[in-house]
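Listed below are the residues making up each chain.
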4 protein chains.
Amino acid sequence: MRFLDAGETHGKALIAIVEGFPAHVKIDIENINRILQLRQRGYGRGKRMEIEKDRVTILSGIRNSFTTGAPITLMIENRDYENWKSFMDAMQCDVDTKKVTVPRPGHADLAGCLKYEFDDARNVLERASARETAIRVAVGALCEELLKMFGIKLYNHVVEIGRVRLTKSYSFDDTELFEHALSSSELFCIDKEAEIQMKQEIDIARQIGDSVGGVAEVICKNVPYGLGSHVHWDRRLDAQIAQAVMSIQSVKGVEIGLGFEAARRFGSEVHDEIYYDDKIGFYRKTNNAGGIEGGISNGMDIVVRAAFKPIPTLYKPLKSVDIRTFQPAEAAVERSDICAVPAGSIVMRAAVAYVLANVLIERLGGDSAKTMLETFKRIYNKE
Amino acid sequence: MRFLDAGETHGKALIAIVEGFPAHVKIDIENINRILQLRQRGYGRGKRMEIEKDRVTILSGIRNSFTTGAPITLMIENRDYENWKSFMDAMQCDVDTKKVTVPRPGHADLAGCLKYEFDDARNVLERASARETAIRVAVGALCEELLKMFGIKLYNHVVEIGRVRLTKSYSFDDTELFEHALSSSELFCIDKEAEIQMKQEIDIARQIGDSVGGVAEVICKNVPYGLGSHVHWDRRLDAQIAQAVMSIQSVKGVEIGLGFEAARRFGSEVHDEIYYDDKIGFYRKTNNAGGIEGGISNGMDIVVRAAFKPIPTLYKPLKSVDIRTFQPAEAAVERSDICAVPAGSIVMRAAVAYVLANVLIERLGGDSAKTMLETFKRIYNKE
Amino acid sequence: MRFLDAGETHGKALIAIVEGFPAHVKIDIENINRILQLRQRGYGRGKRMEIEKDRVTILSGIRNSFTTGAPITLMIENRDYENWKSFMDAMQCDVDTKKVTVPRPGHADLAGCLKYEFDDARNVLERASARETAIRVAVGALCEELLKMFGIKLYNHVVEIGRVRLTKSYSFDDTELFEHALSSSELFCIDKEAEIQMKQEIDIARQIGDSVGGVAEVICKNVPYGLGSHVHWDRRLDAQIAQAVMSIQSVKGVEIGLGFEAARRFGSEVHDEIYYDDKIGFYRKTNNAGGIEGGISNGMDIVVRAAFKPIPTLYKPLKSVDIRTFQPAEAAVERSDICAVPAGSIVMRAAVAYVLANVLIERLGGDSAKTMLETFKRIYNKE
Amino acid sequence: MRFLDAGETHGKALIAIVEGFPAHVKIDIENINRILQLRQRGYGRGKRMEIEKDRVTILSGIRNSFTTGAPITLMIENRDYENWKSFMDAMQCDVDTKKVTVPRPGHADLAGCLKYEFDDARNVLERASARETAIRVAVGALCEELLKMFGIKLYNHVVEIGRVRLTKSYSFDDTELFEHALSSSELFCIDKEAEIQMKQEIDIARQIGDSVGGVAEVICKNVPYGLGSHVHWDRRLDAQIAQAVMSIQSVKGVEIGLGFEAARRFGSEVHDEIYYDDKIGFYRKTNNAGGIEGGISNGMDIVVRAAFKPIPTLYKPLKSVDIRTFQPAEAAVERSDICAVPAGSIVMRAAVAYVLANVLIERLGGDSAKTMLETFKRIYNKE
């Protein structure tokens, strides 16, 4: 499986083509829209979220709710486009009015202008914007429709906002907790108390014209052993997940299982001893590895965390330089979010879902989900 | 550019084919061997390191010290192979004597046996072993020969071992510090005092039959702006680095620049403001981004850190299960290292070097390093 | 550069995302539409061509007529979709009325149904249809906009229809001949007399309810030496062209330069001797190699020919079997063309244009067409 | 699955790494060696063939005759290397004595020197040489070991040499005919009379200091339906085969089934009508499509033909130019073959075997051949 996505933040639409998706997967478009809307929620989002209300349109590859094996095209139209058409039209438009000549620190603006030889960061930021993650979420949600057939489910929640950390302990098996957080917490936080403090952290940032980042976690349940491979570096499951997650706008760190904490413990406190039970087969009492050993899923939950830096568009402007005059200038203050970590957790989940769907197809052969399911049951004795 | 590598830990040899490497790069094989030997050093290594003394053989793609544009084959022969030939021969061998039926926690053993349908983890561990990193280091060292032509240099050092952290502050510009650590510190640690404590941590682990992990850092100097791209998720430089680094055996976390710390600060404390100077062009006074913004190198040093879990082969055996009988058993205690973080830092450097060489070629066109250099000078006005 | 395309013949739209296309290429959308319309012309086409009148919509990657380096999305809406919506809707539709249970020989129908486990060839033929070539033509036309900046031009014409062969000799330098054929011959044939006979061949086929194939040729002028590479099999230019051309619906053979004729001559009658002239550099007096030696363009015109089988949908129905009952049945007689070779020649040209653009980018680095052009001039001394 | 190969014609060795090959395939190295030796046979070969006597060494990925899922390294040492060491050594060698400054028409020499900026075609020809096909044959032979498990067998023979064509008709089912040709005909020709004439053609070429090409055919038996896919151009089986075959040195044309002949017939004479039989399922009475419809294998034999141009190194030297002085000169006359089409047919077979193995893995999932076989039997009801 592979996908390409395209689209600018103020362009006509965001589009993805997903090639190699198996036939016979039932797709409920409302499941995709539901996850898209979760991406737009979250305490600390700006006003644009109210404008967008993303919904996906399917242009190909699905017929009467079932995939056909043909490439699937997902499109999210930008409702804001009408206001931007005269500045963004493909063939003829006003490129002066919305020119951005003062690159914003923390964004692709400066490096992008230099690389692509632009004197207008508009041509960079339109594509570099985290708006692009909407379509990646749609792709991930599509992949979840496949994963679901195999019992694989993904959960996302927020574990840190700025200086506030979730301290309450929780079991990865307590999936209702995660579901509840998604439906009822503005920060996708499983702990009410922590959530209050996190909101305060966001409020502080808002008051001082600043922004705030955080850490999100994705948990994948019922992942069968044997996805990914130890045989070649670029096929390792953890490596593929790291690439997908680090590619998300604002992510500066990724960890799996204990992650950095594993580096600070003795080996005997890290490695998950192996047990066997007639009913469930091999199992572990701990899951410090986060479900991946030697680049292969080991049958335990896959647990990934990512660090999101604070949103770089601040109301308190950062110092920069005009790229035409080389004179000091202040970076533009655009309408923006204060905190996007809840949204980021949804994007992470999508990124991980895509990787899992991909390695599942690689393992089982991906022409038809019907055959995949039969092979799956046979391999894992789950008839 | 692309590469495949192959080889088992007790097999004949480790081999890599690097395809798409530019012509006209002068290769000093001793530079590669020097880095290979650094990988074998480090306080806390076991005795195997003394056996191996890796040296690379070049089988193709280089003639009279210059690359020809043809695929380059690097080979590291396993000196230990003679002792293992009768257990590892491709065509006929004794597969019983060295059978491993008790999978070791923390390794690919169990998941690998289940995935590939083996009842002998030998067939998995031989490939999953960190021994494979030797050839990846050779590939990285080859890439450094190219990067050097463009002034790009990589440094690696160790910043944490177990519970001990390097607290001394240092400048990324103080490259002599890193070079000195590499040549004179058994832990590639830039601070003598921290090194002493780190060694103590390793000694404790050795005494209790345990192992210890840590954190390593790679710094890339003189990386030109414009490598990688914001336009597509899988071309983002940080994503590519994360994949390469997370694919290293034992790595459980990767971070760039401030990394997880960025999630805990306000935006105004994170983003690197932009300045301009007639002589040096655009610059920053801070480098919290670690040299990458929007998935593109921004001209600042690229800074990557990775968390290495403790080595999973302990002298104090971990609990496991025999995969033939499903009865509890103790994981094998093989000759092993106590701590491999210094070696890991060398592998990290190699992984990052490969990614940088790749995006440099993508940016400049990669037929001939001569043309690349001319294009480079023209683009960056460095005549 | 890479692209994915998607879309069904009676679906909403055909879509392509082209990733890795350089910035700063001026795109005239009417050039793309003009080539799209050429694909729809040709003596022997059925009535659908009148319905479609394809026009491309650009959804991303181009702003004010210039590419930005971001992925470019091209879309061609199917005007026929309104009539098919109730049978093709992604979420809910009538899948019975348009069911195709008798696979048509010569199409993907049977193999596709078996592979993807369908009892309705509609789910296969909608994607397998040559309708898909419309979007590939758009991608190729986009690539021609880039190639044009480097002086590279492509020409296509038809050299055989059924049993009629173009016998008139012509020079590849006589580009007006090809241009004239494109604008004034219904069969893109450079010889009036041959064209008359070719039309007769098509008329015969029409009268007997049959179809007819042919051979088309693409000539690429001003291709610089050095595209593609001898160093690895899958980077050879001829191999890449062969893949792209053979992937076109109905193509059963591809040849470069003399092609199969080369196999029937002595070596001294085949190989193009090398000469040198102070003004033009190295040159040949013959071009039997078709511009490619050792997998690399040699500076001469690239000449490719492809054999198109007759269209498999006949008015005189072919024998087949109902896939539900396994009883003999006649393959459906759908509205169709008698001959699609002229259209095929346009698709071939697009396929070759994509490959050339790709290897040009690989050779020069593909961030910005401005830099590419400077590098090009420097390498080829064309200031 | 993917593979990279490397090595120069007078270098130490040819090497290939095959990544993604399934575990549990039994490999008989003598089968590979047997096919390697077939490549070296054939009426019209020069003396070098006697020097080489290729044998493969396995450096990784196979243990006790079974694959382990790890990357497989194949190596063929060049026995001639000792004589060339002083001119080819990677680190230090005499680059003057064997300098080639007059590029040979029909080879990569000129384009390669210009592309890679060499004034010595030695640096190009060493890699561009058809010697490289030896390792590709080894890779193909390895793939045949996998294909064999699924009943898939490949046959190759020669159908044209220069102006002589095999006119005797034959059935693709008469596999003994092909086997017999391979073991007893110096030209892998199934017809004794044609072979005599073909040899005469080669003798004529030898006498006049010329060379001669021809056409070879590969037939794949028992290929299951459903390999490759219609859903995306680059996944079409015919396109993949065309790429692999056209990438072979000297190939200038590729055709599948009727190939170019299909373009010259009416549709009703081309398309293979569909029948059904309770025992064998769907079948055809003709196989003009060569086993592929819509980019997917249709269960019939896959039939591919390729045109090989005459070997470009002639004893009667061709005109060329010295690339240092730009003065006319004669191309070097090296020890060479007169005709290499029989060898070429072996290389073709290997190229096709690789593609088939690849699409088989894609269809069935490729971790373990044991699971593949179970899935295969289930899908195709062949228990």
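Residues numbered from 1 in each chain as written. Chains lettered and ligands numbered in written order. Predicted model: local features only at pLDDT ≥ 70, side-chain atom pairs only at ≥ 80, totals over all residues. Heavy atoms only, no water.

Selection criterion: UniProt positions are given in the numbering used here, feature names are shortened, and annotations may be inferred rather than shown by experiment.
Chain A goes by Chorismate synthase in an unreviewed UniProt entry, where it is assigned to Anaerocellum danielii. What UniProt records for chain A under Subunit (unreviewed entry) is the sentence "Homotetramer." Taken directly from UniProt, the Sequence similarities (unreviewed entry) text for chain A runs: "Belongs to the chorismate synthase family."

### A word on the overall build of chain A
Threshold: Under the DSSP-based scheme used, a helix requires at least four consecutive residues in state H or I and a strand at least two consecutive residues in state E, with every element numbered from the N terminus. Both definitions apply: the radius of gyration is a C-alpha atom measure, and the globule rule equals 2.2 Å times residues to the power 0.38. Residue exposure (1.4 Å probe, protein chains only): buried if accessible area is under 20% of the type maximum, exposed if over 50%, otherwise partly exposed. Whether two residues are in contact is decided by their heavy atoms, any of which lying within 4.5 Å being enough. Accessible areas in this description were obtained via Shrake-Rupley with a 1.4 Å probe; residue shielding takes into account the shown protein chains only. Positive charge is attributed to Lys and Arg, negative charge to Asp and Glu, and no charge count is given to His or to the chain ends. In plain terms, the charge of a residue is placed at NZ if it is Lys, CZ if Arg, CG if Asp and CD if Glu.
Counting its secondary structure elements, chain A contains 11 helices and 17 strands. Taken against the 2.2 N^0.38 rule, which gives 21 Å for 383 residues, the C-alpha radius of gyration of chain A at 22 Å falls within 12% of a compact globule. Overall size of chain A, expressed as C-alpha extent along the three principal axes, is 70 × 50 × 40 Å. In chain A, which comprises 383 residues, the proportion classed as buried is 71%. Of the contacts made within chain A by residues no fewer than 6 positions apart, 71% connect residues no fewer than 24 positions apart. For chain A, the computed accessible surface area is about 12,100 Å², with 48% contributed by carbon and sulfur atoms. Of the side-chain charges in chain A, 51 are positive and 54 negative, and the distance between the mean point of each set is 1 Å.

### Description of the side chain of A:Arg127
What counts here: Two N or O atoms count as a polar contact when they lie within 3.5 Å, although within protein this holds only if one can serve as hydrogen donor and the other as acceptor, and sequence-adjacent residues are included solely when both atoms are side-chain atoms.
Positionally, A:Arg127 belongs in helix α5 (residues 122-128). By relative accessible area, which is 2% here, A:Arg127 ends up buried. Separated by 2.7 Å, the side chains of A:Arg127 and A:Asp5 make a polar contact. Within the local environment of A:Arg127, its side chain forms a polar contact with the backbone oxygen of A:Gly7, the two atoms lying 2.9 Å apart. Apart from residues no more than four positions distant in its own chain, A:Arg127 is found in contact with A:Asp5, A:Ala6, A:Gly7, A:Glu8, A:Glu132, B:His230, B:Val231, B:His232, C:Ala70 and C:Pro71.

### Focus: the nonpolar core
Basically, it comes down to this: Here, nonpolar core refers to any group of buried Ala, Val, Leu, Ile, Met, Phe, Trp, Tyr and Cys residues whose side-chain atoms link them within 4.5 Å.
Judged by nonpolar contacts, the single largest core of 209 residues is most densely connected at C:Phe21, C:Ile241, C:Val245, D:Phe21, D:Ile241 and D:Val245. Those residues in contact with C:Phe21, other than ones at most four positions away along the chain, are C:Met1, C:Ile27, C:Thr67, C:Gly69, C:Ile72, C:Leu142, C:Cys143 and C:Leu146. One finds A:Phe308, B:Ile72, B:Ala205 and B:Trp233 within the second-largest nonpolar core, a separate group that totals 207 residues.

### Notes on the interface of chain A and chain C
Quick reminder of the rule: Summed over both partners, the accessible area (1.4 Å probe) lost when two parts come together is defined as the buried area. When a carboxyl oxygen of Asp or Glu lies within 4 Å of a side-chain nitrogen of Lys or Arg, that pair is called a salt bridge. The residue classification treats Ala, Val, Leu, Ile, Met, Phe, Trp, Tyr, Cys and Pro as nonpolar and Asp, Glu, Lys and Arg as charged. All others, Gly included, are polar.
Facing the 54 residues of chain A at the interface are 54 residues of chain C. Summed over both partners, the interface of chain A with chain C buries about 4,300 Å², with 57% contributed by carbon and sulfur atoms. Applying the counting rule to chain A against chain C returns 4 salt bridges. Measuring nitrogen to oxygen at the nearest pair gives 3.0 Å for the salt bridge that ties A:Lys115 to C:Asp367. The tally of links from chain A across to chain C stands at 28 residue pairs in polar contact (both at pLDDT 80 or more). Among the residues making up the side of chain A that touches chain C, the classes are represented as 24 nonpolar, 15 polar and 15 charged.

### A word on the pattern of salt bridges
Following the criterion strictly, the structure yields 140 salt bridges over all chains and no others. C:Arg55 is the salt-bridge partner of C:Glu30, the closest N and O atoms lying 2.8 Å from each other. On the criterion of sequence distance, the pair formed by C:Glu30 in helix α1 (residues 29-40) and C:Arg55 in the loop between α2 (48-52) and β3 (56-60) is long-range, its members being 25 residues apart. The class for C:Glu30 is partly exposed, based on a relative accessible area of 32%. Between D:Lys316 and D:Asp210 there is a salt bridge whose closest N-O contact spans 3.0 Å. One end of the pair, D:Lys316, is in the loop between β15 (302-308) and β16 (319-321); the other, D:Asp210, is in the loop between α8 (192-207) and β9 (214-221), with 106 residues separating them in the sequence. Its relative accessible area of 2% is what places D:Asp210 among the buried residues. Each of A:Arg2, A:Glu19, D:Asp234, D:Arg235 and D:Glu362 takes part in one network of salt bridges that share partners.

### Remarks on the packing of aromatic side chains
Residues and elements named next belong to chain A. Selection rule: Between 30 and 60 degrees the pair is tilted, below 30 it is stacked and above 60 it is edge-to-face, where a pair is any two Phe, Tyr or Trp rings, Trp via its six-membered ring, whose centres lie within 6.5 Å.
Scanning all chains against the criterion turns up 58 aromatic pairs over all chains. Taken together, a centroid distance of 6.0 Å and an interplanar angle of 75° make the contact between tryptophan 84 and phenylalanine 87 edge-to-face. Of the two residues, tryptophan 84 and phenylalanine 87 both sit in helix α3 (residues 81-88), 3 residues apart, roughly one turn of that helix. A relative accessible area of 11% places tryptophan 84 in the buried class. The class for phenylalanine 87 is buried, based on a relative accessible area of 15%.

### A look at the environment of D:Ala340
Residue and element names in this part refer to chain D. For alanine 340, the position within the fold is in the loop between β17 (328-330) and α10 (341-364). In sequence terms alanine 340 and isoleucine 161 are 179 residues apart; their C-alpha atoms lie 9.8 Å from each other. Dropping the residues within four chain positions of it, alanine 340 is found in contact with Arg45 and Ile311.

### Here we look at the UniProt feature "binding site: FMN" (unreviewed entry) in chain A
As annotated in UniProt, the feature "binding site: FMN" (unreviewed entry) corresponds to A:Arg127, A:Ala128, A:Ser129, A:Gln249, A:Ser250, A:Gly294, A:Lys309, A:Pro310, A:Ile311, A:Pro312, A:Thr313 and A:Arg335 in the numbering used here. Relative to the helices and strands, A:Gly294 resides in the loop between β13 (292-293) and β14 (296-297). Within the secondary structure layout, A:Lys309 lies in the loop between β15 (302-308) and β16 (319-321). A residue is classified by how much of its surface remains accessible, and A:Lys309, at 10% relative accessible area, is buried. If near-sequence neighbours (up to four positions away) are discounted, A:Lys309 is found in contact with A:Gly106, A:Gly213, A:Ser250, A:Lys252, B:Ala262, B:Val270 and B:His271. A polar atom in the side chain of A:Lys309 sits 2.8 Å from the backbone oxygen of A:Gly106.

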